[in-house]
Amino acid sequence: LVVTGRPGEGKSEFIDELVLRLCLRHEWKICFFSPENMPMSYHLRKLCEKLSGKYFKPGCMTDELYDRVLGYLDRNVCHIMPQDDFTVDNILQKAAELVNRRGIRVLVLDPFNRMEHQHPEGMSETQYISSFLDKLSNFALRYNCLVILVPHPRKMNRNPVTNTTPRVEMYDINGSADFFNKADYGIVVERDKGVGVTRVYVDKVKFKHLGMGGMVTFAYDPVSGRYLPCVASHDRSEEHTSELQSR
């Protein structure tokens, strides 16, 4: 799964929401390589808010809910943060160990440009990215994992006539068209600050039995960090909280 969008428009927040729901509903344990969410305590705080629906500060959670949320994260979420080797080979090696040791089913690599990229001599950037994506696909198949990659798009120029910036599409990802061509799923996250909504575009689904393309609109809750469907968002928020409490 390749997820892209302009900086600051909620890609990482949306991915956190997505993988937590997969974990809640299907018991898919999660592993993050996410340098942009460091320190780890900051990221865990955000995950706590998404799970509980409560702001992470004294008095907002009961002690029982706090212990339950932390216990759930401890059992189901882990992080990879190497000291010095941020190459894809090292990260995938550590992820493979966590598949065997902890049974992870989701690996999040966020973002692509914070990984250490070593281009072999004579290999173009396009060839390198193609080889890089092949490694992710092979890992996903070998270890039965969903691998989520977050690359950034190229700079999008504003239209001088309409004074608007076109929405990012999968072929706008910086570096290579293979980010789109080789993905099984392609998603674009776009935040419309003018009307206060986030639009999530599913631009690619490789196999029709796994879903279909389209667009859905969410309202972002800054307190819990959740993405709530704009229709009946209150009911959906209660459903998410009930889902955690049932665990």
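Now for a quick tour of the structure. (Residues numbered from 1 in each chain as written. Predicted model: local features only at pLDDT ≥ 70, side-chain atom pairs only at ≥ 80, totals over all residues. Heavy atoms only, no water.)

Side note on the nonpolar core
In step 1: Of all hydrophobic cores here, the largest spans 37 residues; its most connected members are Leu109, Phe132, Leu136, Phe139 and Leu149.
In step 2: Among the secondary structure elements, those contributing two or more residues to this core are β2 (29-33), α4 (88-102), β4 (104-109), α5 (125-143), β5 (146-149) and α6 (178-181).
In step 3: Apart from residues no more than four positions distant in its own chain, leucine 149 is found in contact with Leu1, Val2, Val3, Leu109, Phe112, Phe132, Leu133, Leu136 and Phe179.
In step 4: Counting 28 residues, the second-largest nonpolar core is a separate cluster that includes Phe32, Cys48, Leu65 and Val108. (Core = buried A, V, L, I, M, F, W, Y, C linked by side-chain atoms within 4.5 Å. Buried < 20%, exposed > 50% of the residue type's maximum accessible area, 1.4 Å probe, protein only. Helix = DSSP H or I, 4+ residues; strand = E, 2+ residues; numbered from the N terminus. Contact = heavy atoms within 4.5 Å.)

Things to note about the packing of aromatic side chains
In step 1: This structure, assessed with the given rule, holds 11 aromatic pairs.
In step 2: Ring plane angle 80 degrees and centroid distance 5.6 Å describe the contact between phenylalanine 33 and phenylalanine 86, whose orientation is recorded as edge-to-face. On the criterion of sequence distance, the pair formed by phenylalanine 33 in strand β2 and phenylalanine 86 in the loop between β3 (77-79) and α4 is long-range, its members being 53 residues apart.
In step 3: Take phenylalanine 33: its relative accessible area is 0%, and that puts it in the buried class. (Phe/Tyr/Trp six-rings, centres within 6.5 Å; stacked < 30°, edge-to-face > 60°.)

So, unusual backbone geometry
In step 1: The peptide bond linking methionine 38 to proline 39 adopts the cis configuration, its omega dihedral lying at 5 degrees.
In step 2: Secondary-structure assignment places proline 39 in the loop between β2 and α2 (40-52).
In step 3: With an omega of 0 degrees, the peptide bond between aspartate 110 and proline 111 qualifies as cis.
In step 4: Mapped onto the secondary structure, proline 111 falls in the loop between β4 and α5.

Considerations on the packing of helix α1 (residues 11-26) against α2
In step 1: Relative orientation of the contacting elements α1 and α2 amounts to 60 degrees, with a least axis distance of 10 Å. Classed by the angle they form, the pair α1 and α2 counts as oblique. The way α1 lies across α2 gives a crossing that is right-handed. Here α1 contributes Glu13, Asp16, Glu17, Leu20 and Leu24 to the contact with α2, which in turn contributes His43, Lys46, Leu47, Lys50 and Leu51.
In step 2: Across the contact of α1 with α2, the residue classes tally to four nonpolar, one polar and five charged. (Axes fitted to C-alpha atoms, helices over the stretch in contact; angles between N-to-C directions. Parallel < 35°, antiparallel > 145°, perpendicular 65-115°, else oblique. Left-handed = near helix turned anticlockwise from the far one by under 90°. Nonpolar A, V, L, I, M, F, W, Y, C, P; charged D, E, K, R; others polar.)

Considering the pattern of salt bridges
In step 1: Inspection of the entire model under this criterion finds 14 salt bridges.
In step 2: Residue glutamate 17 is joined to arginine 21 by a salt bridge in which the shortest nitrogen-to-oxygen separation is 2.9 Å. With glutamate 17 and arginine 21 both in helix α1 and four residues apart, the pair spans about one turn of that helix. With respect to class, glutamate 17 is no different from arginine 21; both count as buried.
In step 3: Salt bridges linked by common partners bring Arg6, Glu9, Glu190, Asp192 and Arg199 together as one network. (Salt bridge = Lys/Arg side-chain N within 4 Å of Asp/Glu carboxyl O.)

A short note on the pairing of strand β6 (residues 185-192)
In step 1: As defined by bridge partners, strand β1 (residues 2-4) adjoins β6 across three bridges and the pair is classed as parallel. Counterpart to valine 3 in the pairing with β6 is isoleucine 187.
In step 2: The sheet contact formed by β6 and strand β7 (residues 197-205) spans eight bridges and is antiparallel. Following the sheet pairing, valine 189 is matched in β7 by valine 200.
In step 3: The turn joining β6 and β7, which pair antiparallel and follow one another in sequence, is formed by four residues; a positive phi near 75 degrees is taken by glycine 196. (Pairing = 2+ DSSP bridges.)

Quick notes on the state of the cysteines
Linking two cysteines covalently through their sulfur atoms gives a disulfide.
In step 1: In this structure the tally under the stated criterion is zero disulfides.
In step 2: A disulfide-free cysteine, cysteine 48 has its sulfur positioned 13 Å from the sulfur of cysteine 60, the nearest such atom.
In step 3: Assessed through its relative accessible area of 2%, cysteine 48 is described here as buried.
In step 4: With no disulfide of its own, cysteine 78 lies 4.1 Å from the sulfur of cysteine 31, the closest cysteine sulfur.
In step 5: With a relative accessible area of 8%, cysteine 78 lands in the buried category. (Disulfide = S-S within 2.5 Å.)

Topic: helix α3 (residues 63-76)
One full turn of an α-helix is made of 3.6 residues, so residues set three or four places apart face in the same direction.
In step 1: Over its 14 residues, α3 extends 20 Å from the first C-alpha to the last, a length consistent with the 20 Å expected when each residue adds 1.5 Å.
In step 2: Three or more residues of α3 are buried, namely Leu65, Val69, Tyr72, Leu73 and Asn76. Projected onto a plane normal to the axis of α3, the buried residues spread over an arc of 95 degrees and lie on a single side. Relative to its buried face, α3 has exposed residues pointing more than 90 degrees away, namely Asp63, Glu64, Asp67 and Asp74. (Expected span 1.5 Å × (residues − 1). Arc of directions from axis to C-beta.)

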